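Single-letter residue listing:
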Amino acid sequence: MWYRQISRQLFHGCGGIQAVRWLRRKGVTILMYHKFPADLAMLESQCRYLRKYYQVISLGRLSQLLRNGDPLPDWSVVITVDDGHGSFYHYAYPVFAKFDFPVTVYLTTRPLDTRGWLWFDRVAYAFLTSRRQEVDLPNPPSAEGMASGPRQTAHNPMALGSRDRRLGLAEQYMELMKVVPDKYFSLCLKNLELSLGVQVPDEAPQEWVALSWDEVRLMARDKVEFGAHSVTHPILTQVEEQAQLYEEIVGSKNKIEAELDKPVLHFAYPNGQPQDFSPSIVKIVRDAGYETSVTTIRGQVFKGDDPFLLRRISCGAELPFHQFQNHVAAFRT
Ligand SMILES: [Zn+2]
């Protein structure tokens, strides 16, 4: 809307962001990135901005301050990257390294072991590469529905259309899949891929591929710290088997420690919203020997906050610059 654009220009033009930056200086902003584009001009601008107005501290440093009950340094930012896509190594890591910024990268370990997929990338790939013009999407199975077997929707063909529409449909379907009990999850994926008529390759293509362990080892010698983000990226509250829950939380930690030969101290809850973890899950994380765990609940971190429920602010290398400034200052327009 034109008036929003004008008020935004007025806000930034009149120094509004400086005022917000000052007001929010006591909170530490943990930025959360995911994949990175090949064009890094925007990320470079973001790093220049961070170097000018903030100090980038490591998650380890924040953890230490929180545990000691020390005051948090004003105008501080922590950089985190979720999932462990290869694009971090190829594109973003050289930029962060150039600025000498510490970064914490949360790895979902299975795709690193198999060169395979994160489930949500698999869903996006299936929607994007389907040759069908329209599809009948299956209802994701639910605990109740499974008694009578997987159900199809009533005949309700849906046009796939453009890339943007397909990505939108994929996102909607992913939301439905997040409440599927874990034991029905692979069946749900298979049903979807059948409906879309897509044979997903075992190895993920370049755009979706995970980091390799060699890349991880190389970066771990630098200012990149690796945390765990589970083995398969399930919604942890949908995992019923205790053994599997431990495998996701403790097994991913053990795996990264074995590959890097150093302790893994930070965990990120997959999806990270309040419904995606519970007090018993937080306890497993705490007992496993992690020092911190991060959510995707929006907000800054303050002195006295629980290190196992850290808030973050979603970010991206493609964000319009004024939005990036707002995000770092934890300001929502
Ligand atoms: Zn994730």
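Keep in mind it's a predicted model, so treat the numbers as computed, not measured. Chains are numbered independently. Their residues run from 1 in the order of the written sequence. Two thresholds apply to this predicted model, a pLDDT of at least 70 for residue-level local features and 80 or more for giving and counting side-chain atom pairs, whereas whole-chain, interface and lining totals are computed over all residues. The basis for the side-chain values is all heavy atoms of the structure; hydrogens and waters are excluded.

Q: Any details on the nonpolar core? Residues and values, ideally.
A: Residues belong to one nonpolar core when they are buried, are Ala, Val, Leu, Ile, Met, Phe, Trp, Tyr or Cys, and are joined through side-chain atoms within 4.5 Å. Accessible area is worked out with a 1.4 Å probe on protein chains only. A residue is then buried under 20% of its type maximum, exposed over 50%, and partly exposed in between. Tyr33, Leu43, Leu50, Phe88, Phe96 and Phe226 are the most contacted members of the largest nonpolar core, which has 59 residues in total. Secondary structure elements are defined from DSSP: runs of H or I of at least 4 residues count as helices, runs of E of at least 2 residues count as strands, and each element is numbered from the N terminus. Among the elements that take part in this core, helix 5 (residues 86-98) stands out by supplying five residues, more than any other. In this description, contact between two residues means that some pair of their heavy atoms is separated by no more than 4.5 Å. Apart from residues lying up to four places away in sequence, Phe226 is in contact with Val105, Leu107, Leu211, Val216, Met219, Ala220, Ile256, Leu260 and Val264. Grouped together as the second largest cluster of nonpolar side chains are 29 residues, Phe127, Leu128, Met174 and Leu192 included.

Q: Please give an account of the domain arrangement of the chain that cites residues and values.
A: How big an interface is tends to be stated in terms of accessible area lost as the parts join. Domain limits in this description derive from either an automatic procedure or a database domain assignment. Annotation of the chain at the domain level lists domain 1 (15-114 + 209-328) and domain 2 (119-196). Inter-centroid distance (C-alpha atoms) of domain 1 to domain 2 is 29 Å. Taken together, the eleven residues of domain 1 in the interface contact nine residues of domain 2. Both sides together, the interface formed by domain 1 and domain 2 hides about 810 Å², and carbon and sulfur atoms give 45% of it. Three residues stand out in domain 1 for area buried against domain 2, namely His233, Gln238 and Glu240, and they jointly supply 49% of the buried area on that side. Salt bridge, as used here: a side-chain nitrogen of Lys or Arg that lies within 4 Å of a carboxyl oxygen of Asp or Glu. Applying the counting criterion to the domain 1 and domain 2 interface returns one salt bridge. Pairs of N or O atoms within 3.5 Å make up the polar contacts considered here, provided that, within protein, one atom can donate a hydrogen while the other can accept it, and that residues adjacent in sequence are counted only when both atoms are side-chain atoms. Taken together, the connections running from domain 1 to domain 2 amount to six residue pairs in polar contact (both at pLDDT 80 or more). By buried area we mean how much accessible surface two parts lose on assembly, using a 1.4 Å probe and totalling the loss over both.

Q: Would you mind going over the packing of helix 10 (residues 213-220) against helix 11 (residues 242-260) in detail, with residue names and values included?
A: Under this scheme, a helix contributes an axis fitted over its contacting stretch, all axes are lines through C-alpha atoms, and angles between N-to-C directions fall in the 0 to 180 degree range. Running from N to C, helix 10 and helix 11 cross one another at 70°; their axes reach a closest spacing of 10 Å. Considering their axes alone, helix 10 and helix 11 lie roughly perpendicular with respect to each other. Within the contact between the two elements, helix 10 uses Trp213, Val216, Arg217 and Ala220 and helix 11 uses Lys255, Ile256, Glu259 and Leu260. Residue type decides the class: Asp, Glu, Lys and Arg count as charged, Ala, Val, Leu, Ile, Met, Phe, Trp, Tyr, Cys and Pro as nonpolar, and the leftover types, Gly among them, as polar. Of the residues in the contact of helix 10 with helix 11, the class split is five nonpolar, no polar and three charged. Relative orientations are named as follows: roughly parallel for angles under 35 degrees, roughly antiparallel for angles over 145 degrees, roughly perpendicular for angles from 65 to 115 degrees, and oblique for any other angle.

Q: An account of the coordination of the zinc ion is requested, with residue identities and associated values reported.
A: For the zinc ion, the protein coordination sphere consists of Asp83 (OD), His229 (NE2) and His233 (NE2), at 2.1 Å. Counting gaps between the donor residues of the zinc ion yields the pattern D-x145-H-x3-H. Of this pair, Asp83 sits in strand 3 (residues 76-83) while His233 sits in the loop between strand 7 (224-228) and helix 11; the two residues are 150 residues apart in sequence, bridging distant segments of the chain. The exposure class assigned to Asp83 is buried, which follows from its relative accessible area of 5%. The rule for donors is simple: an N, O or S atom within 2.8 Å of the metal counts, and for Na, K and Ca the reach is 3.2 Å. Water is not among the atoms, so a site may look short of donors.

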